[in-house]
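Secondary and tertiary structure notes
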Amino acid sequence: MDTLKLYFRSMGMLLKSQLQYPASFCMQTFAQLVMEAGEFMAVILVVDRFDRLNQWMAGDLFFFFGIMSVTFYLTEIFGRGITGAFPGMVRSGQLDTLLLRPRGVLTQVLCSAIDPRRISCIAVGTAALVIGSRMAGVRWTAPKALALGEAILLGMLLVLGLFMIEAVFCIYSVKSVELVNAITYGGRSACQYPIDIYPRSLRVLFTVIAPFAMTMHVPAAYILDKPLYGWPAWTAFVCPLAGAAVFAVMYAVFRRAMRHYRSTGS
Amino acid sequence: MAFIETHGLTKTFTVRKKREKGRLLREKTEIRALDALSFSVEKGELVGYIGPNGAGKSTTVKLLSGILTPDGGSALVDGRVPWQERRRHAAHIGVVFGQRSQLWWDVPILDSFSLLRDIYRVPEAAYKRRLDALTSALQLEPFLRTPLRLLSLGQRMRAELCGSLLHGPELLFLDEPTIGLDAVSKLALRDFLKRENAQNGTTVLLTTHDMEDIAALCSRVMVLGHGQKLFDGALNNLLARYDTSREVNVRYDGEIRLPDLPQGCAVAREGADYRISYAPAQVPTAHLLSLLQAAGPIRELTAQPQSIDRLIAAMYREMDL
Amino acid sequence: MNAYLSVFRMRRKMELQYRGAVIGGVICQMFFGLILVSLYRALYAGKPQTTPIEAVVGYVWLQQAFFRMLLASDAELLDKIRTGGIAYDLCRPLNLYGYYYARIMAQKLMGSLLRAAPMLGFACLLPRGMALPPPVSLPAFLVFLVCLALGLLCVCALENITMAFTMRTLDSRGVQAMLNLLMMTFSGNILPLTLFPDSWQKVITALPYAQLLDAPIRIYTGQYALAEAPRVLLVQGIWTLALAGSGVLLWRHNQKRLTVQGG
């Protein structure tokens, strides 16, 4: 509880400091909006030309796009410490400063950055979710709402966990941002579309290793009443736990790696 | 049991060299930052920690504050092994890196302080008391509502110091705290540290290149070179060992001929001024002065001690650092 | 002339220095290519189009391979403009437009040469259906190379204009994002231009963005027949001249009213 309070106080303070430069903030937020709108437009154009993707209709595809977009960018807002700022913290020695305080490293890393500009991306994602569920004629029930919330929350843990791979590389001072991007941003691009359209190898990758399909597609398919692979309804609530599992594993790896942290400078 | 005790503390870094042409793998070299370092510090001591760049000073501070894990040896600070109980340890120490900030750049420093209060879980009453005491001692009241980025370097350093003392640490590490400060700020900072040490019994380990810091603050000096302890004792003892030469400047009325001076004296002439350096151990000062006086009417005579910086440079040279 | 050449040499050195990053980038790009190819194959399985799937697959791989030609904003140069370091360049006895043109070109050329070769090699080795198909004919391939070179000239002229605009605004990130999006969308990187609605084709293929990569790729895959090549090259040439011309004018104007940022 105490940790959560600290997290939200830190976030408040960081937000306050970012808003000290309102012009720049607005500019960048707008830039983000443009980028994400472009991504969404690509999906719309695909739907315009192909009408459908296997059994998935336009509304379904928008819904899949929306759930990924909201999850991914929520993580980027609140997990900026891991998703973007970490390499800089190691390079500048800020990580040293964090280690001097009587709190967990990961807590403090998460407490030291926020990226509110992505709020506009989430607006696009939410719009896609709403439009998608309308077009697909989703009848919202309590379990479906729960499934959506769970998918987004655990999806955030998954994304955070995947970005922690980069953080771990960083601790060992291995430069491989681009390689990790294949899993994180590549996963986002690929899993904007439902998993079952991909060949086997990609399906395995995004189901078992970076389980975007488990955390987001299974519940999304359940909400759309087109269960993935015909799996029963309860899987929509159990499968997303894979996201939490990835996070747990990466958290353990991260802690181990921190023991080998060698600091910078003299 | 001393407050800080280290035995054979060793830390090695592997550095990857740039890949040479035609080689598939990069060569690695090992750099021994600390080589079996042992020392102890009593509670309430104010210890200066000097040595040339790369001697291992910062590594020591990082090990003792729990950022790094050593490859060998042991260290106990107030009964704790820093790298094994990092979080518990961190609550009892304060660290200031002169070139690094732990406060938040764009927010008023008071906000930074109150976030630090939450991070260190300082009870409200204790925080209030401590903040009042520190802000008045460091003369921070006028800037409490100013964002850090708008403060001058001296004000910023005072704010950093306040931030790292809010939780009342028993041990304070200062890593080059006076770097880049103007003379007034330096003096104020030294005064504050002296008082903090005297009043609260805070143990201070001070890393610096500024010998005046050491002279003003520290009763004890440790010299580090190549990861090893080269000297440990009072500053005066250290200086006595290297303080082997003195300088005298004389100006005479009118032209004179300087007599032959005994061996061990060196003379440099600039117009009417003579600069004579000598070793008091070989040539007693009284003897030299009588010789000079006999040469003619002296208009001006000044004797100078060697600057500490020069002494340290001489010492580093002699120790081959 | 030597100054321009040394810009290229510098760039090659820099790219080679960050070999690790290049290799990582290439692998990442290959992965994105695989995902996109799989996606379009799935889409085609449901509803085949007039554009054959092979053309789309080829389109994806060539886009991925020459990705660096499109988006490679020179962070160092942008920084220079923001901080006022550009004043140094103004002191050099160089034509500013030419100097920056060379700089941009060096970055794009060296960046894509280094990446395209392994990417295309990899794309050829893939199983049928996923792999980069061979060019429709040898003449088409030769025209493709010419067309690609023209595309490079064109994109450098385009980017130089962006730079000139950046110099006039303090915080250009919003404008830059807008321009980047236009670039990525209408050069066919986000979605092959061939898959845009048919009614849009006339307009989007006439835009300068389509001249960079879309036009050469369409020649490679046979979407543009060889007979159309002269027209395609002509459009490319006209755009290149127009963009370079307005770029020169812009820089001349900039230099006159130059208020170097940051004093």
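A short tour of the structure in this document, coming up. (Residues numbered from 1 in each chain as written. Chains lettered and ligands numbered in written order. Predicted model: local features only at pLDDT ≥ 70, side-chain atom pairs only at ≥ 80, totals over all residues. Heavy atoms only, no water.)

Residues and elements named next belong to chain B. In the sheet, strand E10 (residues 246–252) pairs with strand E12 (residues 273–278) via six bridges, with the strands oriented antiparallel. Note on E12: the bridge partner recorded for Val 250 is Tyr 274. The pairing of E10 with strand E13 (residues 298–304) spans six bridges and is classified as antiparallel. Its bridge partner being in E13, Asn 249 is matched across the sheet by Thr 302. (Pairing = 2+ DSSP bridges. Helix = DSSP H or I, 4+ residues; strand = E, 2+ residues; numbered from the N terminus.)

With the exception of glycine, the majority of residues adopt a negative phi angle, and the majority of peptide bonds are in the trans configuration. All names here are of chain B. A positive phi angle is found at Ala 36, which is not glycine, with a value near 50 degrees. Structurally, Ala 36 can be placed in strand E2 (residues 28–41). Positive phi values are uncommon outside glycine, yet Gln 139 reaches one of about 50 degrees. Along the chain, the position of Gln 139 falls in the loop between helix H4 (124–137) and helix H5 (153–165). Given the relative accessible area of 52%, Gln 139 is considered exposed. (Buried < 20%, exposed > 50% of the residue type's maximum accessible area, 1.4 Å probe, protein only.)

Moving on, we get to helix H1 (residues 2–18) of chain A. Between its terminal C-alpha atoms H1(A) stretches 24 Å, which fits the 24 Å expected from 17 residues at 1.5 Å a residue. Looking only at H1(A), the buried set comprises Leu6(A), Tyr7(A), Ser10(A), Met11(A), Met13(A), Leu14(A) and Ser17(A). Looking straight down H1(A), one finds that the buried residues subtend no more than 165 degrees of arc, so they occupy a single side. Residues of H1(A) that are exposed and point more than 90 degrees away from the buried face comprise Lys5(A) and Phe8(A). Here the buried face of H1(A) lies against helix H3 (58–78) and helix H7 (105–111) of chain A together with helix H3 (109–120) of chain B. (Expected span 1.5 Å × (residues − 1). Arc of directions from axis to C-beta. Contact = heavy atoms within 4.5 Å.)

This brings us to the interface of chain A and chain B. Of the residues lining the interface, 30 residues belong to chain A; the matching set on chain B comes to 32 residues. Between chain A and chain B the total buried area reaches about 3000 Å² when both faces are included, carbon and sulfur atoms providing 51% of it. Here Arg9(A) makes a salt bridge to Asp118(B), at a shortest N to O gap of 2.7 Å. On inspection of chain A and its partner chain B, the count reaches 16 residue pairs in polar contact (both at pLDDT 80 or more). Contributing elements (two or more residues each) for the side of chain A that touches chain B: H1 and helix H6 (94–99) of chain A. Among the elements that take part in the side of chain A that touches chain B, H1(A) stands out by supplying eight residues, more than any other. Looking at the side of chain A that touches chain B, its residues break down into ten nonpolar, twelve polar and eight charged. (Buried area = accessible area lost by both parts, 1.4 Å probe. Salt bridge = Lys/Arg side-chain N within 4 Å of Asp/Glu carboxyl O. Polar contact = N/O pair within 3.5 Å; in protein donor to acceptor, adjacent residues only side chain to side chain. Nonpolar A, V, L, I, M, F, W, Y, C, P; charged D, E, K, R; others polar.)

Attention now moves to the sheet that holds E10(B). Residues and elements named next belong to chain B. Ordered in space as E11-E12-E10-E13, the four strands form an open sheet in which the pairing is antiparallel. Across the chains shown, the open sheet's two edge strands, defined by having one partner strand only, are strand E11 (266–270) and E13. Strand-to-strand twist in this sheet, taken as the mean axis angle between neighbours without regard to direction, amounts to 20 degrees. Along the sheet, helix H9 (residues 285–295) contacts E10, E12 and E13; its crossing angle with E10, the most-contacted strand, is approximately 15 degrees. (Axes fitted to C-alpha atoms, helices over the stretch in contact; angles between N-to-C directions.)

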